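# Coordinate analysis (summary)
If you want the building blocks of each chain, they are given just below.
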Amino acid sequence: MPLQRRRSGSGRRRRRVGRPLVAVPLGLIALVVVVDLLTPPDIHLGPLLVAAPAITAAIGGPKLTGVIGALAVTAQVVIGIFHGGLTTPNHQAQIAALLLISVFLVIFRHARAQHEQQLIQARWVAEVAQRVLLRPIPPRLGPLRIASLYVPAEAEARMGGDLYAAARTEGGTRVMIGDVRGKGLPTIGDAASLLGAFRAAAHRNPPLPRLVAHLQNATYWDMAEPHEGTATGEGFITAAILDIPDHQPVLRLINCGHPPPLVLSGGEVTTLTVADPALPLGLTGGLTEDDYASESFPYRPGDVLLLYTDGVIETRDADGRFYPLADRVAGWRETDPDGLVQRLHRDLLAHAGGALDDDVAVMAVERLPPESG
């Protein structure tokens, strides 16, 4: 039913737009007929009637195009009757040509209408898939205020290989951001697999190294299954997985080959660079929590944690220069997560000249003072 409502709503909007514009081809037909009848017989304006169904094909559906085409052919017949009769080769040729072009336009508009309907359905399915896989993160989780942004490089794709998630645990919040290597449907499947593994395990509140080991093994065995267009063993996912305790002014981080998060604190920007980065997820299996060690960083009330994918820092301007994320946010003095994310999006688009070449995912997480948590 939602899909049907979406389709019918789109059709109603198209009809509301088309109805006032129908006066244009109708007026054109009337004008051509009147002027042609008032001019000498050696002046032929009938060929201009072809513009009426052509205009209608751009603003209306196949039925309306057919009606306007029929009216145009009828007008051409009327002109022929008043200027020498329908038996003249000139008028017969004009009528036949107008009839053929009108039929072609109706067929073309019918094919276009079918394509538009398929596109509407594909967009709806993509939106549903995005909401299922990349669920909106609540603006508040415990003592954290969160804003997120996902922008696919292909506007119609809606969903790509970038991902993020957050889950409450007993006494804290687990946060993850990641980027699947590659493009196309296999990346969406890999992203869905990782998100499912994270959501299933994070709520159980295992130690962070055990959680990451679980994600590594789950991702590896899922990627071991061959995907169309991706050979087994070629895929991997960079990810940063964090544990943020409610009552301790720290965060714990395991970075699996992902760009380092930033912390904005008192006008300063700190890059959370771990001493021993782990391998990206999916490269190997059979790991345990002993293969991982989390690192702690200060994260006090009022601080804003900024997580992002490489689509942000690899965005280039017209001169080929990468986007200087740390330098930009250091000068903004933004403290509201939603304001920070939206400003970053605008600035990133301006740096890129209006269009992004890669998917972009961003999360801004502010730790609120104890009385606000």
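Residues numbered from 1 in each chain as written. Predicted model: local features only at pLDDT ≥ 70, side-chain atom pairs only at ≥ 80, totals over all residues. Heavy atoms only, no water.

## Points about the overall build of the chain
Just so we agree on the cut-off: In this text, helices come from DSSP runs of H or I with a minimum length of four residues, and strands from runs of E with a minimum of two, each type numbered from the N-terminal end. Buried, partly exposed and exposed residues are distinguished by accessible area as a fraction of the type maximum, computed with a 1.4 Å probe on protein chains only: under 20%, between the cut-offs, and over 50%, respectively. The contact criterion used throughout is that any non-hydrogen atoms of two residues lie within 4.5 Å. Reported accessibility uses the Shrake-Rupley method at a 1.4 Å probe radius. Residues are deemed covered only where the shown protein chains occlude them.
Scanning the chain for helices and strands turns up ten helices and eleven strands. By residue count, 42% of the 373 residues in the chain fall in the buried class. Across the chain, contacts joining residues at least 24 apart in sequence account for 70% of those joining residues at least 6 apart. Surface exposure of the chain reaches about 18600 Å², of which carbon and sulfur atoms provide 59%.

## Description of the sheet that holds strand 7 (residues 262-265)
In any sheet, the strands associate via hydrogen bonds between backbone groups, in a parallel or an antiparallel arrangement. The condition that has to hold: Two strands form a pair only when DSSP identifies at least two bridges running between them. To get an axis, fit a line to the C-alpha atoms, keeping to the stretch in contact for a helix; angles then go from 0 to 180 degrees between the N-to-C directions.
A sheet is described by the order of its strands in space; here six strands give the open sequence 1-2-11-10-7-8, paired in antiparallel fashion. If you trace the sheet from one side to the other, it starts and ends with strand 1 (140-141) and strand 8 (268-271), each paired once. Where strand 1 lies against strand 2 (residues 144-151), two bridges are found, and the strand directions are antiparallel. Pairing of R140 across the sheet is with R145, part of strand 2. Relative to strand 2, helix 10 (residues 337-352) is tilted by about 25°, and along the sheet it contacts strand 2, strand 7, strand 10 (304-308) and strand 11 (360-367).

## Topic: the pattern of salt bridges
To keep things clear, this is the line we draw: Whenever Lys or Arg places a side-chain nitrogen within 4 Å of a carboxyl oxygen from Asp or Glu, that contact is recorded as a salt bridge.
Here the structure, examined in full by the defined rule, presents twelve salt bridges. Residue R145 pairs with E366 through a salt bridge whose shortest N-O separation is 2.5 Å. In this pair, R145 is assigned in strand 2 and E366 in strand 11, connecting sequence segments 221 residues apart. On the accessibility criterion, E366 (8% relative accessible area) is buried. When the shortest N-O distance is used, the salt bridge between D246 and R168 registers 2.9 Å. With D246 in the loop between strand 5 (237-245) and strand 6 (250-256) and R168 in strand 3 (residues 162-169), the pair connects residues that are 78 residues apart, well separated along the chain. According to the relative accessible area criterion, D246 is buried, its value standing at 14%. Because the salt bridges share partners, they merge into one network encompassing R109, R112 and E116.

## Notes on the pairing of strand 5
With nine of its nine residues buried, strand 5 lies for the most part within the structure. One ladder, built from nine bridges, connects strand 4 (residues 172-180) with strand 5; its direction is antiparallel. Counted as the bridge partner of M176 is I241 from strand 5. Note that strand 5 and strand 6 share four bridges and pair antiparallel. Bridging across to strand 6, I241 finds its partner in I254. In this antiparallel pair of consecutive strands, strand 5 and strand 6, the connection spans four residues.

## Overview of unusual backbone geometry
Although it is not a glycine, N205 adopts a positive phi angle of roughly 60°. By the element assignment, N205 lies in the loop between helix 6 (185-202) and helix 7 (208-223). With phi around 60°, R333 is a residue other than glycine that occupies positive phi space. Tracing the backbone through its elements, the reader meets R333 in the loop between helix 9 (325-330) and helix 10.

## Some points on a nonpolar patch on the surface
Basically, it comes down to this: Nonpolar side chains (Val, Leu, Ile, Met, Phe, Trp, Tyr) are joined into patches within 5 Å and like charges within 9 Å, using only residues with over 30% relative accessible area and no salt bridge.
On the surface, L31, V34, V35 and L38 cluster together to form a nonpolar patch covering roughly 380 Å² of accessible area. Within the fold, V34 resides in helix 2 (residues 23-38).

## A closer look at the packing of helix 3 (residues 51-59) against helix 4 (residues 62-82)
As a reminder of what qualifies: Comment on the angle field: the value is read as roughly parallel under 35 degrees, roughly antiparallel over 145, roughly perpendicular from 65 to 115, and oblique elsewhere. Under the grouping applied here, Gly and all other residues not named as nonpolar or charged are polar, the nonpolar ones being Ala, Val, Leu, Ile, Met, Phe, Trp, Tyr, Cys and Pro and the charged ones Asp, Glu, Lys and Arg.
One can describe the packing of helix 3 onto helix 4 by two numbers: an axis separation of 8 Å at closest approach and a directional angle of 170°. What the angle tells us is that helix 3 and helix 4 run roughly antiparallel. Where helix 3 approaches helix 4, its residues A52, P53, T56 and A57 are matched on the opposing element by L64, T65, I68, G69 and A72. Of the residues belonging to the contact of helix 3 with helix 4, the class tally is six nonpolar, three polar and no charged.

## Remarks on the UniProt feature "transmembrane region" (unreviewed entry) in the chain
Formally: UniProt positions are given in the numbering used here, feature names are shortened, and annotations may be inferred rather than shown by experiment.
Mapped onto the present numbering, the UniProt feature "transmembrane region" (unreviewed entry) falls at residues 21-38, 44-60, 67-86 and 92-111. Between the end C-alpha atoms of residues 44-60 the distance is 28 Å, and the span holds 53% helix and 0% strand. Across residues 92-111, the secondary structure splits into 100% helix and 0% strand, with the terminal C-alpha atoms separated by 29 Å.

## A closer look at the nonpolar core
Applied cut-off: By nonpolar core is meant a set of buried Ala, Val, Leu, Ile, Met, Phe, Trp, Tyr and Cys residues that side-chain atoms within 4.5 Å join together.
Within the largest apolar cluster, 50 residues are counted, with the highest numbers of intra-cluster contacts made by L215, I241, L251 and L305. For I241, the contacting residues outside a window of four places in its chain are V175, M176, L208, L211, V212, L215, R252, L253, I254 and C256.

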